[in-house]
Structure formats: C-alpha cells, structure tokens
Amino acid sequence: MTGIETTIVTALTNNFIGQMIKSGWEGINKNELLNKDVGQLIKEGKYLFLREYTQRYWDRHGMIKVLKMSKPMDLESIYINVKCLGNLVRDYYDENLENKYRESKQRRFNFRDYGKEDGLLWANQKQYLMVLGDPGIGKSTFLRKVGLEALKGNQGSYQHSLTPVLLELKNFKENEINIQALIEEEFKICGFPNVEKNISNKLEKGELLILLDGLDEVPTANVNNVIEKIKDFVDRHYKNRFILSCRTAARTHLQRFTDIEIVEFDDQQIQSFIEHWFSSELDCKNETAKNCWELLQKEEYKSAKELAHTPLLLTFLCLVYDENQSFPTNRSRLYQDALRILLEKWSAEKRLPNRGLVYENLSIEQEEILLSEIAYQNFVADKLFLEKREIVKQIKDHLKQNFNAPQHLDGEKVLKTIEIEQGILVERARYVYSFSHLTLQEYLTAQYIYDNDLIEEAVKNYVTETRWQEVFLLVAGLMRGKADKLLLAMEKEAQKYAKNAELSKFLVWVEQATGELKESVKPSAKRSIILFDRLNTGINFTKRYNRIQSDMYNNYIDCTPQFDEPFLQELDKLSQEYVGIDVLYHNHYRYWLISEQMPSEKTVTHIFALISSIIKKILGQLEFDQISADEKIILDFYKQSPIGFSSWRRPDWIIFQNYLYVNELILSCQKVAVNISPTVWQEIEERMLRVP
C-alpha cells in the first residue's frame, strides 16, 4: 500500500471501530477499546478483523482500474460529485426535441440543466434509493463512494452511522438466493466473530447500509427472481438503508424506492475530473491538466469533448492524453475506440455473459453495421431524434437484407438490448430515441459511407452543409487505402463554383497579383494571402460602409436621402481610401443598387475566417501572424491595381463563400487523412484557388 492508502485505511478503521462499539458488536470488549490505544491493541493481535474489514472494503471498492489503466487509482483521488435528477426526462412525452436541439445551438442532447442535486444529498435524504443512469455514467462508482463515506463516520459526508456492505448483483445467478447469507459471507471472509448472530442483530436494529450494485447485470433468466428476493428482503429488514443501482433502460419500479437518475458531467465536472486525474507532482509541474482541458476547448476537438460528458469515456480520453500528451489528429481512430468500449469492452471488463452478442445470434460486428445504417439514414434525413417505431422498422429491414443476420429476431427486443447493454441508443423522451452522442452518429455515418462506397455521392449532395463537416473529416481518417478519391471529389465540386462568371473574373485577378510575391512562397499560398488581404480590406470597408448607410437612414425625410456635407465628405474619404470602389453616392438609385450588392458584415467575416484557415493549413503554421512581412507585400499592392476592389464587389456571395468553404474542407481532410498520393495532392494544391 502507498502512504496515502495506509492513511485512508487507518482513518476508516478508527471510524469503523467507533461504529462497532456503538452498535455493541458481540466479541468486542467495549471497555478495552475505550480505555486503551486502538493502534496498540491491533499490534497486539486483537481486533485485527476490524482493520481487515476496512482494508478489504478499500481494496475491493476504494480502488479503480478500468480500460487501459496500468495500475489502480484510489477512488477518493479522482471522484467527482455526481449530479442527479429526481424526475426522469424519458418518462414524459416531448415532440419538440429536434427543435429544442436546434435552438440550443450545442452538440449535446441533454436539455435539463436545472433541478440537479448532489447524489450524496439524495443518499442522505432517502432511506430507499434507486440510482439509475446510462452505461458508464458512474453508478457503481457512486455506490462505492457512499460506502466509503459511511465508513468515515462523523468525518464523512454520509450522515448516518451505519456499516456499509456492497453486493454485486451480477453474481446472483442461482435460483435460491439468500441475501442475508451473502452479507454474512462478506464479514466472514474478514474474520469477524459470531457473524450470523451479529448480522441478524444489526439487520434487526437497522444498522446496515446495504448497497446492491447492477440490477441490470443480473442474468436475464434470473432477473425476476432476484427482484422478488430484493423486495422481500427490504420488506423484512425495512429499518436498514438501501441503495440499488440499475441502468435506466432496465429499471424496475420498486414500491419503497425513490428513483433518481445520474446525469452526464457538465463542463465544470469535466475540468475537475481532469485536474484530479493529472494531479501528480510531475503533472502539476508540466500543467498537464491545464493543457488537456485547453485542447478540448479547441474547435477541432469539440466532438471529443462531447464524449467527455460520459465519465467512462472521459476516463478513456484521459488515458489517451496521458499516453501521448495530446489527442490524435485522426479522430476516426479515437471515436472507433470509444465506440468499441461501449459495444464490448465495458461488458467484458464487468465480466458480463454473452459479451460477443448483443442479442442471441446477432454479433457485435453485425450490430455495428446495423447501427451505421441507422445513423446514415437519419443523418441524411437531418433527423437526430427518432421515433421508436422508425428504429424498430429500420432494424427489421436491415435484418431482412442481410443474408447472414439472424432473421427471427424481434426488432423491438434488439433495440431494448442495445439500449440496456451499451447505451448507444438512448430514449430521450417517451418513445423518442437518439444516439447517446452526436459524435457517435457522425462516426457511424462516416463508416457507412466508407463501407458502402458512397463517397462521391455524399460529397456531391452535402459537401457545403456545415453539419456534414465532421463526417467528411472522419471519412478521410477511415480511408486506409488512399483518400485521393475523397479529395478529388471535393475539388470537382469546388471547381463548379469557380466557373461562376464573376468569381472566375476575380480568381483571374488573384492569379495576376501573385507575381508581386516572393517565388519561395507556394503559388497556392500566394493566392490565399491575396485573398486574405482583400477580405481584410472588405471587412473594414463593410463596417464603415454600413455605418455611413446607417447615418443616412437616420437623416431620411419623407423617405428621401438627405446628403448633408458631413455625409458626403465621409463617402469621399471612403472612396479615396479604397481605390476602385465606385460608391456613386450622388445618385440615390445607384446607391440602393450598390447597397443590395454589398454582403453583410457577418458574411464577410465568415469568408475572412475561411481564408485565414486556408492560409494556416497551406503554410502549415499555427498562426497567420507568423507569416513574414515580405510575404505580406500585397497589403499595399491592391491600391495600384488597375482592376481594383470593384472587380469583385458584385459576385454571388453565397457562391464565393461555398467555394472557399470546400477548399478549406479539402485542406482539413488532407491534414487528418492517413494515406494520400503525393502526386495527387501536389496537383490539387497547384489548382487550388485558380480558375479551372
């Protein structure tokens, strides 16, 4: 044991001894314990079972080792207080989930940020508590934490002086189940004297905190029997306190029990967990927790952060970061591993039966194909929330179309099993489901596109839709052959926009302007730098132009523009500064024509951001301000250009924006792709931002 573990166990033992004295455990000399040093008595070989029980409880329930952890960690060091809801959202009908999601403008599907209370508060208030939650949300960890707090006595957060005992319900396999005998066995192993009599007395007096973990993990054939045994035991020993855990999808209503549901971590809990995880002296010195948290805040890892709201997957992310001090650029592998954890690894670690099958003869591989088809079909339809009957129909249709899939399976039972055992599909409201994370739906959609060779079709139909951006990045990461096909399909779509008359005219000017930049700069970089400058100019011009326009509106009389001297002087100044901008302010009809052709400031800002991103990716630099002054010579060039700004103030701004978006997406896919032909990429980059 480490020093901190020894300290914790010693503290637990001292508190536990106090509970034993108070309860009058037979075989313990109360006066001897009160009048002599407890530590000395234990050294003398007396009452070793008191320390042994706390030691055993700590070894079994105070340490955590999951997934790829090389060594166990003590629960106390990484535990984050869980939040719970007393009213389960999925018990209510809600037909507006899709609209609520759109309005929230976030990736999370959880809309309940109010009414949450600390789990330990619920444990203190309720004598009979049913703790529900999705897979990996922290139910088992919570029960263990409550038990440890109970062992601490007055020093802990659990307010009832009770002796905790934890039973894992997955071990309830026999038809004849004696819960009291199993509790006695927990104490016998530790050498407690007169166990049968003492446990009977404690049960009769109500001095036990009985933790029953994993009702959903009971073998299916025995679950009804176990439920009846638990009901009878609780009724017989009603003075004690009970906490029972179960996955939400498998919950059973027990009359005495109050149902609460553990909700996913919020940002503050995620950050705290990371800080607890990376709390070693070396990590503190290197600010590992701070660096990990800041990385998750970046736009390119917003999907990874979404996974972090589930404690099990947050643990996985911490393990990945701990190993590499970063997250992989190719996020496809990251999400594939996360999916596999939910599909099979978590069940395997819990030693649950039939972990290779989701339902009877449906293998994990067949299930993954099924889920990818459901994900794709609904992503194409722009549906994130699905009616139960729709999913059941999709399951049935898929099984019929797959010769090797078992044909006799019940679609509704398959859905229920997926929900209970893996939590990949979750009931968000009564009969309304979604994937547990949007990230998983995006990954499975990308997997379906890759598996079914739908790359060109997907690019043609959805390449400019921003909600598909992550999907295309994941497709690029999945293509272990070469991602050439994806990039060439995207380039083909970009060139369609480039053939627009006004846009092509502007691209010709860009090509001419590149001669003013150093030869050492890539041609594509030259073109992007010119675009950067012109957009920078465009933003400043648009801001001032809109302000002048606003001033003009404020001076309207009878809907007739009033051209006072200050207004005309401001327009003159603007016209002189931005050479080539034909304001023509003396004719208010031309004024309206021009104003309608000017893009909004929001549009120009978005286009500017795309250009900035393109430059960063082409030059391989993190910040555009790292570009040398020589490479920014174009900042003064436009004032001397015979074509000037007016040559591109009339293009279709949506076309221009889409054109830049596709080019930026090509560069993003190139960065995350596993394999690309050097020749193909060189040709694509040479053609980028040019008239085809």
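Residues numbered from 1 in each chain as written. Predicted model: local features only at pLDDT ≥ 70, side-chain atom pairs only at ≥ 80, totals over all residues. Heavy atoms only, no water.

**Focus: the overall build of the chain**
Piece 1. On a plain count of helices and strands, the chain comes out with 32 helices and 14 strands.
Piece 2. A buried classification covers 56% of the 692 residues belonging to the chain.
Piece 3. Look at the contacts in the chain between residues 6 or more apart in sequence, and 76% of them connect residues 24 or more apart.
Piece 4. Carbon and sulfur atoms provide 46% of the accessible area of the chain, an area that totals close to 31700 Å². (Helix = DSSP H or I, 4+ residues; strand = E, 2+ residues; numbered from the N terminus. Buried < 20%, exposed > 50% of the residue type's maximum accessible area, 1.4 Å probe, protein only. Contact = heavy atoms within 4.5 Å. Areas by Shrake-Rupley, 256 points an atom, 1.4 Å probe, with all protein chains shown as cover.)

**Focus: the packing of aromatic side chains**
Piece 1. In total, this model carries 17 aromatic pairs according to the counting rule given.
Piece 2. Among the aromatic residues, ring-to-ring pairing joins Tyr 128, Phe 233, Phe 242 and Phe 257 into one connected group.
Piece 3. The lysine or arginine in question, Arg 331, covers the ring of Tyr 301, its NZ or CZ lying 6.0 Å from the ring centre.
Piece 4. The side chain of Arg 467 reaches across the aromatic face of Phe 379, ending 4.8 Å from its centre. (Phe/Tyr/Trp six-rings, centres within 6.5 Å; stacked < 30°, edge-to-face > 60°. Lys NZ or Arg CZ within 6 Å of the ring centre and 35° of its normal.)

**Concerning the sheet that holds strand S13 (residues 425-429)**
Piece 1. Judged by pairing direction, the sheet is antiparallel, and its 3 strands sit side by side in the order S12-S14-S13 without closing on themselves. The open sheet has two edge strands, strand S12 (386-387) and S13, and neither has a second partner.
Piece 2. In this structure, S13 lies alongside strand S14 (residues 432-435), joined through 4 bridges in antiparallel fashion. Following the sheet pairing, Leu 425 is matched in S14 by Phe 435.
Piece 3. Lying on the sheet, helix H18 (residues 364-380) is in contact with S12, S13 and S14; it crosses S14 at an angle near 105 degrees. (Pairing = 2+ DSSP bridges. Axes fitted to C-alpha atoms, helices over the stretch in contact; angles between N-to-C directions.)

**Some points on the sheet that holds strand S8 (residues 241-247)**
Piece 1. What the 7 strands build is an open sheet, ordered S4-S3-S9-S5-S8-S7-S6; its pairing is mixed. Two strands lie at the open edges of the sheet, namely strand S4 (117-118) and strand S6 (163-168), each paired on one side alone.
Piece 2. Relative to strand S9 (residues 258-262), strand S3 (residues 83-85) runs antiparallel, the two being bridged by 2 bridges. By the bridge assignment for S9, Cys 84 is matched with Ile 262.

**Thoughts on the packing of helix H12 (residues 267-277) against helix H14 (residues 288-297)**
Piece 1. Taken N-terminus to C-terminus, the directions of H12 and H14 make an angle of 145 degrees; their axes are 8 Å apart at the nearest point. Crossing of H12 over H14 shows right-handed handedness. Seen from H12, the contacting residues are Asp 267, Ile 270, Gln 271, Ile 274 and Glu 275; seen from H14, they are Ala 289, Cys 292, Trp 293 and Leu 296. (Left-handed = near helix turned anticlockwise from the far one by under 90°.)

**Topic: the pattern of salt bridges**
Piece 1. Summed over all chains, the structure comprises 40 salt bridges.
Piece 2. Across the salt bridge formed by Glu 186 and Arg 56, the nearest N and O atoms sit 3.1 Å from each other. Here the residue Glu 186 occupies a position in helix H9 (residues 179-188), and Arg 56 occupies one in helix H4 (residues 48-61), the gap between them amounting to 130 residues. Here the two residues Glu 186 and Arg 56 agree in accessibility, since each one is buried.
Piece 3. In this structure, Lys 485 and Asp 453 form a salt bridge, with 2.7 Å as the shortest nitrogen-oxygen distance. You can see Lys 485 sitting in helix H24 (residues 484-498) and its partner Asp 453 sitting in the loop between helix H21 (438-451) and helix H22 (455-462), a full 32 residues away along the chain.
Piece 4. You can call Lys 485 partly exposed: its relative accessible area is 33%.
Piece 5. Take Asp 453: its relative accessible area is 49%, and that puts it in the partly exposed class.
Piece 6. Among the charged side chains, a network of salt bridges with common partners joins Glu 98, Arg 102, Asp 382, Glu 465 and Arg 467. (Salt bridge = Lys/Arg side-chain N within 4 Å of Asp/Glu carboxyl O.)

**Section: unusual backbone geometry**
Piece 1. A positive phi angle, near 55 degrees, is found at Lys 105, a position not held by glycine.
Piece 2. Here Lys 105 shows up in the loop between helix H6 (97-104) and S4.
Piece 3. Using a relative accessible area of 77% as the deciding quantity, one classes Lys 105 as exposed.
Piece 4. Despite not being glycine, Tyr 431 shows a phi value in the positive range, around 70 degrees.
Piece 5. Tracing the backbone shows Tyr 431 in the loop between S13 and S14.

**Section: the confidence of the model for the chain**
Reading fine detail from the predicted coordinates is not recommended where pLDDT is low.
Piece 1. Per-chain confidence: the chain averages 81 in pLDDT, with 76% of residues scoring 70 or above.
Piece 2. Between residues 556-563, whose pLDDT stays under 50, and residues either more than four places distant or in other chains, the model counts 11 contacts.
Piece 3. Here residues 622-650 is modelled with pLDDT under 50, and outside its nearest four sequence neighbours on either side it reaches 61 contacts, counting other chains as well. (pLDDT = per-residue confidence, 0-100.)

**Observations concerning the nonpolar core**
Piece 1. Core analysis: the largest hydrophobic core is formed by 202 residues, its most contacted members being Phe 192 and Phe 472.
Piece 2. In terms of residues, this core owes the most to one element, helix H31 (residues 653-672), which gives 12 residues.
Piece 3. In this structure Phe 472 touches Ala 458, Val 459, Tyr 462, Val 463, Leu 486, Met 490, Leu 665 and Cys 669, once residues within four positions along its chain are discounted. (Core = buried A, V, L, I, M, F, W, Y, C linked by side-chain atoms within 4.5 Å.)

**Brief notes about the side chain of Glu 664**
Piece 1. As for its placement among the helices and strands, Glu 664 is situated in helix H31.
Piece 2. Apart from residues lying up to four places away in sequence, Glu 664 is in contact with Gln 469, Leu 610, Ser 613, Ile 614 and Lys 617.

**Quick word on the side chain of Lys 152**
Piece 1. Mapping Lys 152 onto the fold places it in the loop between helix H8 (139-151) and S6.
Piece 2. For Lys 152, the side chain forms a polar contact with the side chain of Glu 149, separated by 2.8 Å.
Piece 3. Those residues in contact with Lys 152 that lie beyond four places of it in its chain are Leu 12, Asn 15, Glu 76 and Lys 145. (Polar contact = N/O pair within 3.5 Å; in protein donor to acceptor, adjacent residues only side chain to side chain.)

**So, the pairing of S14**
Piece 1. Two strands pair when backbone bridges link them, and S12 and S14 are joined in this way by 2 bridges, in the antiparallel orientation. Within the sheet, the bridge partner assigned to Leu 386 lies in S14 and is Tyr 433.
Piece 2. Taking the residues between adjacent antiparallel strands as the criterion, S13 and S14 are bridged by 2 residues, where Tyr 431 takes a positive phi near 70 degrees.

**Section: helix H23 (residues 469-478)**
An α-helical segment advances 3.6 residues per turn. Residues three or four places apart therefore align on the same side.
Piece 1. Burial runs high along H23: 9 of the 10 residues are buried.
Piece 2. When we look at burial in H23, the residues that qualify are Glu 470, Val 471, Phe 472, Leu 473, Leu 474, Val 475, Ala 476, Gly 477 and Leu 478.

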